[in-house]
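Listed here are the chains, written in short residue letters.
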Amino acid sequence: MEGKTSFASPQGFTLIELVIVMAIVSIILTWGLVVSLNAYRQAVLSGERDKIVSILKKARSRALSNVHELAHGVYIDATGYTLFEGSSYASRNASLDEVFPKSPGLTLGGISEVVLSPLAATSTASGSVSIGNGTSNFNIFINYEGRVAW
């Protein structure tokens, strides 16, 4: 059998090859899970920030439009946000409230009540509302002129 060479070809994978492939796959999956969880947490935080800004702007718009000829405001507590009509949260007409729940796992801080005067939409409070998820946070600023910035 001159001129012919025989090469033995393996019929499967060795144990070390399988372990290496499984390790590489588990590292890739773990990295993907961490990245996707962080992206999800950031999206929830951004969505909550947008919700609060939207509610504050809605109160400002109603105050500027002089809806029911009353002041409009937003009350922020640990459970959510209440859009109300009246000169304060304590003296509001509760039947006209619009309640928006807070996403779980987020923390809130800063001012808890903003009331905007009719027609001028000037604010009774100036400061910020902070919202966080443990790793990052956003601040929403409200000034006495009723401007909302984030």
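Preceding this paragraph is the structure being described.
Residues numbered from 1 in each chain as written. Predicted model: local features only at pLDDT ≥ 70, side-chain atom pairs only at ≥ 80, totals over all residues. Heavy atoms only, no water.

**Q** Give a detailed account of the overall build of the protein, specifying residues and quantitative values.
**A** When helices and strands are tallied, the protein shows one helix and eight strands. Expected size for 150 residues packed as a compact globule is a radius of gyration near 15 Å; at 28 Å, the protein overshoots this value by more than 25%. Taking the principal axes of its C-alpha atoms as reference, the protein extends roughly 105 × 25 × 25 Å. Here the protein holds 150 residues, and the buried ones make up 28% of them. (Helix = DSSP H or I, 4+ residues; strand = E, 2+ residues; numbered from the N terminus. Rg over C-alpha atoms; globule rule 2.2 N^0.38 Å. Buried < 20%, exposed > 50% of the residue type's maximum accessible area, 1.4 Å probe, protein only.)

**Q** I'd love a proper account of the pattern of salt bridges, names of residues and values included.
**A** If charged atoms from side chains of opposite charge come close, those side chains can pair. Under the definition given, this model contains five salt bridges. In this structure, Lys-51 engages Glu-48 in a salt bridge whose closest nitrogen and oxygen atoms are separated by 3.6 Å. In this pair, Lys-51 and Glu-48 both sit in helix 1 (residues 15-64), three residues apart, roughly one turn of the helix. Take Lys-51: its relative accessible area is 25%, and that puts it in the partly exposed class. According to the relative accessible area criterion, Glu-48 is buried, its value standing at 1%. (Salt bridge = Lys/Arg side-chain N within 4 Å of Asp/Glu carboxyl O.)

**Q** Please provide a residue-by-residue account of the sheet that holds strand 5 (residues 113-116), values included.
**A** Sheet strands pair via backbone hydrogen bonds, and the direction of the pair is either parallel or antiparallel. Spatially, the four strands line up as an open sheet ordered 3-2-1-5, and their pairing is antiparallel. The sheet terminates laterally at strand 3 (98-101) and strand 5, the two strands that pair on one side only. Going from strand to strand, the sheet's axes swing by 15° on average, the running direction of each strand aside. Looking at chain direction, strand 1 (residues 72-76) and strand 2 (residues 80-85) are connected through five bridges and run antiparallel. (Pairing = 2+ DSSP bridges. Axes fitted to C-alpha atoms, helices over the stretch in contact; angles between N-to-C directions.)

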